[in-house]
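Examining the three-dimensional arrangement
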Amino acid sequence: MNIGGRARSSKAGEGPRVRVPAMITVEDEEWIWEQVSADVLASLSHRLMIQDVDGNAQPLGCTADFDTALALAKEMANEGEVILIEPNL
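Here the structure is a predicted model, which means the values were calculated and not measured.

**Quick look at the overall build of the chain**
Secondary structure assignment for the chain yields 3 helices and 5 strands. Put simply, the chain runs from its N terminus to its C terminus through helices and strands in the order α-β-β-α-β-β-α-β. Its C-alpha atoms give the chain a radius of gyration of 16 Å, more than 25% over the compact-globule value 12 Å for 89 residues. Overall, the chain is about 50 × 35 × 30 Å in size when its C-alpha atoms are taken along their principal axes. Relative to its 89 residues, the chain shows a buried fraction of 12%. In the chain, 30% of the contacts between residues at least 6 apart in sequence involve partners at least 24 apart. If the 7 positive side-chain charges of the chain are averaged to one point and the 15 negative ones to another, these points end up 14 Å apart.

**Overview of the sheet that holds strand 4 (residues 57–63)**
Spatially, 4-3-5 is the arrangement adopted by the 3 strands of the open sheet, whose pairing is antiparallel. Edge positions in the sheet fall to strand 4 and strand 5 (84–87), since each of these pairs with one other strand and no more. Taking the axes of each pair of neighbouring strands and ignoring which way they run, one obtains an average angle of 35° across the sheet. Pairing of strand 3 (residues 46–51) with strand 5, which is carried by 4 bridges, proceeds in the antiparallel orientation. Among the inter-strand pairings, Leu-48 is bridged to a residue of strand 5, identified as Ile-85. Across the sheet, helix 3 (residues 66–76) lies against strand 3, strand 4 and strand 5, angled at about 25° from strand 3, the strand it touches most.

**Things to note about the pattern of salt bridges**
Two side chains bearing opposite charge may form a pair once their charged atoms approach each other closely. All chains considered together, the criterion is met by 1 salt bridge. The salt bridge involving Arg-47 is made with Glu-86; its shortest N-O contact spans 2.8 Å. Linking Arg-47 in strand 3 with Glu-86 in strand 5, this pair joins segments that are 39 residues apart in sequence. Judged by relative accessible area, Arg-47 falls into the partly exposed class, the value being 23%. By relative accessible area, which is 22% here, Glu-86 ends up partly exposed.

**Re the environment of Val-53**
You can see Val-53 is positioned in the loop between strand 3 and strand 4. In this structure Val-53 comes out as exposed when scored by relative accessible area, which is 84%. Separated by 41 residues in the primary sequence, Val-53 and Ala-12 place their C-alpha atoms 25 Å from one another.

**Here we look at the side chain of Thr-63**
Mapped onto the elements of the fold, Thr-63 is located in strand 4. Only 3.0 Å separates the side chain of Thr-63 from the backbone oxygen of Asp-65, close enough to count as a polar contact.

**Observations regarding the pairing of strand 3**
Pairing geometry for strand 3 and strand 4, over 6 bridges, is antiparallel. Residue pairing across strands places Arg-47 opposite Cys-62, the latter belonging to strand 4. Counted between consecutive antiparallel strands, the loop separating strand 3 from strand 4 contains 5 residues, among which Gly-55 sits at a positive phi close to 85°.

Cut-offs and rules
Residues numbered from 1 in each chain as written. Predicted model: local features only at pLDDT ≥ 70, side-chain atom pairs only at ≥ 80, totals over all residues. Heavy atoms only, no water. Helix = DSSP H or I, 4+ residues; strand = E, 2+ residues; numbered from the N terminus. Rg over C-alpha atoms; globule rule 2.2 N^0.38 Å. Buried < 20%, exposed > 50% of the residue type's maximum accessible area, 1.4 Å probe, protein only. Contact = heavy atoms within 4.5 Å. Lys, Arg positive; Asp, Glu negative; His and termini not counted. Charge placed at Lys NZ, Arg CZ, Asp CG, Glu CD. Pairing = 2+ DSSP bridges. Axes fitted to C-alpha atoms, helices over the stretch in contact; angles between N-to-C directions. Salt bridge = Lys/Arg side-chain N within 4 Å of Asp/Glu carboxyl O. Polar contact = N/O pair within 3.5 Å; in protein donor to acceptor, adjacent residues only side chain to side chain.

If you want it as structure tokens, here you go:
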């Protein structure tokens, strides 16, 4: 079986995808992933969005303040892509 076949076979055995509330902290080029509580998620103030190939807005994540959102958007934006920062309502 080729690599594509193995990937499809592995994906079929995973089951349905579920959303997991999580937070990524970036410190000194190291990304730390951890699950978070609903209280932490409710305290986040700004959401970063990007358009997918069909033109639909897709969330990238949330931040605790505008300055962090702006810095992250600058880091994540590739040439020709726009990262939208909006209030997390």
